[in-house]
Amino acid sequence: MKKLLILGGIALSREIIEQARRMGIHVDVTDYLADSPAKPFADNSFMVSATDVDAVVKLIEDEKVDGILTGYVDLLLPYYVRICEKAGLPCYATEEQIAATTDKFRFKSLCRNHSVSVVEEYGYEEVMSGSVRYPLLVKPVDNSGARGVFICRNEEEFVERYAQALAYSSSGRVLIERYVNGKESTIFYFFHKGKAYLMGVGDRIMLRFNQNKLPLPVGYVFPSASLPEFESRTDGRLREMFRSIGINEGMAFIQSFVEDGEYVIYEMGYRLTGSLEHHLIAHATGFNPMETMVNFAVGNEIDDAAFNLIDPQKGALANVTLLLTPGVIEEYRGLDDVRSLDGVLHVFTSYPVGTEIRENVVGTLAQVAVRVLLTADNRRGLIEKMDRVKELIQVIDACGKDMLIKDYAYSDLIN
């Protein structure tokens, strides 16, 4: 039995554990927290920080680990690369590729060098001179999950929120961009032996709050309504960009706005996605990106023919993302009812019962309570199922109140 070590035991790491188990692989988890959500689900867990390269390498040697993987935390990716190199284990990326794709300044510069449209950005002094129109968006260049991202409607808000965003940046850098309040899409690629495969493009369904709160995703729908425009206008440029930095293996997602058919890029992640699209892609095409990532990590042979199954146009697929309000989770209701619905592929809950959801998670992806991955015969049926899922699931607090935000209909948000 091969052995996989996961760096970082966040809740989403359960997805890697479950996939590896189905493949007959022993799974361990390590980080510096005794109460990491994924640790109880692993075969073994360890109190070794994923950022302590030498200590993790020793753990790998002691436990005879065949491969390592970190799935969903950008912060851990450079350590993952260093550990792989020092331990002599398979690694899907280089540290330079991680830096070029996750540092928001460097990534946007890379895009511009290959004629890929990006959201306009400004300098601090330029904004303070009064030559830039509001609203603006400020965000740390080296954080994710919408942490430290703020909308600024005037100079007073800009000064205050720029300082707040700065506090979220380990490198002390903040990106200032034009605030775009439009349609969004996310693009998913898999790389193997230097070739980029377009797995899918999904329309990101955003819920917009008051004017000072960042919109958050409440779902994705595949394939995107603007997939043909993407393939004809942007796909080729992105592929050339990937070739320029030598990306050979692994999974990536790119977030963008869509303005008049043009994809305007703003971020990239070179890792597994927290929105769990691998379930949808595997169902629609037979190619499972998560399984392929695990196989690569432990040195298993990868069937090159499987990549021929990838087709971004296949299926009517959706991700239902339900958001929480602050409170203490006492009970989940309706999960089994949802699992029994025709077309439901997977249900993921972010927090165990008893978790306190604090006010500081509002406006970040930490508000995500439940993700439901599903399919239908057509787009209309898909939207009906999405609304049905939202109606069925409840997250109950101590007062018997449903903590989920539900004052919207997917039939209104999706066009």
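The rules we used
Residues numbered from 1 in each chain as written. Predicted model: local features only at pLDDT ≥ 70, side-chain atom pairs only at ≥ 80, totals over all residues. Heavy atoms only, no water. Helix = DSSP H or I, 4+ residues; strand = E, 2+ residues; numbered from the N terminus. Rg over C-alpha atoms; globule rule 2.2 N^0.38 Å. Buried < 20%, exposed > 50% of the residue type's maximum accessible area, 1.4 Å probe, protein only. Contact = heavy atoms within 4.5 Å. Areas by Shrake-Rupley, 256 points an atom, 1.4 Å probe, with all protein chains shown as cover. Lys, Arg positive; Asp, Glu negative; His and termini not counted. Charge placed at Lys NZ, Arg CZ, Asp CG, Glu CD. Salt bridge = Lys/Arg side-chain N within 4 Å of Asp/Glu carboxyl O. Pairing = 2+ DSSP bridges. Right-handed = clockwise from strand over helix to strand, strands pointing away. Axes fitted to C-alpha atoms, helices over the stretch in contact; angles between N-to-C directions. Arc of directions from axis to C-beta. Parallel < 35°, antiparallel > 145°, perpendicular 65-115°, else oblique. Nonpolar A, V, L, I, M, F, W, Y, C, P; charged D, E, K, R; others polar. Core = buried A, V, L, I, M, F, W, Y, C linked by side-chain atoms within 4.5 Å.

A. View of the overall build of the protein. The secondary structure content of the protein amounts to 14 helices and 20 strands. The C-alpha atoms of the protein give a radius of gyration of 21 Å, which matches the 22 Å a tight globule of 415 residues would have. Projected onto its principal axes, the C-alpha coordinates of the protein cover approximately 60 × 50 × 40 Å. Put simply, the protein has 415 residues, and 58% of those count as buried. Here the contacts in the protein between residues at least 6 apart in sequence split such that 65% fall between residues at least 24 apart. Total accessible area computed for the protein in this model is approximately 17400 Å², and 47% of it derives from carbon and sulfur atoms. On the protein, the mean spot of the 44 positive side-chain charges and the mean spot of the 59 negative ones are 1 Å from each other.

B. View of the pattern of salt bridges. Applying the stated criterion across every chain, the model contains 31 salt bridges. Notably, a salt bridge pairs Arg-21 with Asp-43, separated by 3.3 Å at the nearest N-O pair. Of this pair, Arg-21 sits in helix α1 (residues 13–22) while Asp-43 sits in the loop between β2 (26–30) and β3 (44–46); the two residues are 22 residues apart in sequence, bridging distant segments of the chain. Linking Asp-304 and Lys-193 is a salt bridge whose minimum nitrogen-to-oxygen distance equals 2.6 Å. Of this pair, Asp-304 sits in the loop between α11 (289–298) and β14 (316–323) while Lys-193 is found in the loop between β9 (184–192) and β10 (195–207), placing the two residues 111 residues apart along the sequence. Note on Asp-304: relative accessible area 34%, which makes it partly exposed. Connected through salt bridges with shared partners, the residues Lys-108, Arg-112, Glu-121, Lys-139, Glu-177 and Glu-267 form a single ionic network.

C. Spotlight on the environment of Glu-384. Take Glu-384: it is sitting in helix α13 (residues 379–392). With 27 residues separating them along the chain, Glu-384 and Ser-411 place their C-alpha atoms 7.3 Å apart.

D. Representation of the pairing of strand β1 (residues 3–7) within the structure. Among the 5 residues that make up β1, 5 are buried, leaving the element largely enclosed by the rest of the structure. Burial along β1 is two-sided: Lys-3, Leu-5 and Leu-7 and Leu-4 and Ile-6, pointing in opposite directions, are all buried. Where β1 meets β2, 5 bridges bridge the pair, whose relative direction is parallel. Across the sheet, residue Ile-6 finds its bridge partner in β2, namely Val-29. The parallel pair β1 and β2, bridged by α1, forms a crossover whose chirality is right-handed.

E. Just the sheet that holds β10, in detail. Here we have 8 strands laid out as an open sheet, ordered β13-β12-β9-β10-β11-β14-β19-β17, and antiparallel in their pairing. One side of each edge strand has no neighbouring strand; the edge strands of this open sheet are β13 (262–269) and β17 (344–349). In this sheet, neighbouring strand axes are inclined to one another by 25° on average, regardless of whether the strands run parallel or antiparallel. Bridge analysis of strand β12 (residues 250–259) against β13 gives 7 bridges, and the strand direction is antiparallel.

F. Helix α10 (residues 278–285), seen in detail. Burial runs high along α10: 6 of the 8 residues are buried. Residues of α10 that are buried include every one of His-278, His-279, Leu-280, Ile-281, Ala-284 and Thr-285, and no others. Looking one or two places after α10, you find Gly-286, whose phi comes out positive at around 90°.

G. Just the sheet that holds β1, in detail. Taking strand neighbours across the sheet as the criterion, the 4 strands line up as β3-β2-β1-β4 in an open arrangement whose pairing is parallel. Bordering the open sheet on either side are β3 and β4 (67–69), each of which pairs with just one other strand. Taking the axes of each pair of neighbouring strands and ignoring which way they run, one obtains an average angle of 25° across the sheet. One ladder, built from 3 bridges, connects β2 with β3; its direction is parallel. Looking at β3, one finds that Val-29 is bridged to Ser-45. Against the sheet, helix α2 (residues 53–63) contacts β1, β2, β3 and β4, and its axis sits at roughly 160° relative to β1.

H. Up close: helix α9 (residues 235–244). Within α9 the residues assigned to the buried category are Asp-235, Leu-238, Met-241 and Phe-242. Along the axis of α9, the buried positions cluster into a sector of 120°, meaning they face one direction only. Buried positions along α9 lie against α5 (104–113), β9, β10, α8 (227–233), β12 and β13.

I. How the structure looks around the packing of helix α3 (residues 77–87) against helix α4 (residues 95–102). Across the interface, α3 lies against α4 with an axial gap of 9 Å and an inter-helix angle of 170°. Here α3 is positioned roughly antiparallel relative to α4, judged by the angle of their axes. Facing α3, whose interface residues are Leu-77, Pro-78, Val-81 and Arg-82, α4 presents Glu-95, Ile-98 and Thr-102. Its residues assigned to classes, the contact of α3 with α4 shows 4 nonpolar, 1 polar and 2 charged.

J. Spotlight on the side chain of His-279. Inspection of the secondary structure assignment puts His-279 in helix α10. Not counting chain neighbours up to four residues away, the residues in contact with His-279 comprise Glu-15, Leu-345, His-346 and Leu-373.

K. View of the nonpolar core. Core analysis: the biggest nonpolar cluster contains 86 residues, and Leu-4, Ile-68, Ile-187, Tyr-189 and Phe-242 have the highest contact counts within it. Counting residues in each nonpolar core, the second largest holds 39 residues, with Leu-324, Tyr-351, Leu-382 and Ile-405 among its members.

L. A look at the packing of α1 against α11. At a closest axis distance of 10 Å, the pairing of α1 and α11 adopts a crossing angle of 75°. Our classification of the angle between α1 and α11 gives roughly perpendicular. Contacts between α1 and α11 involve Glu-15, Ile-16, Gln-19 and Ala-20 from the former and Met-290, Glu-291 and Val-294 from the latter.

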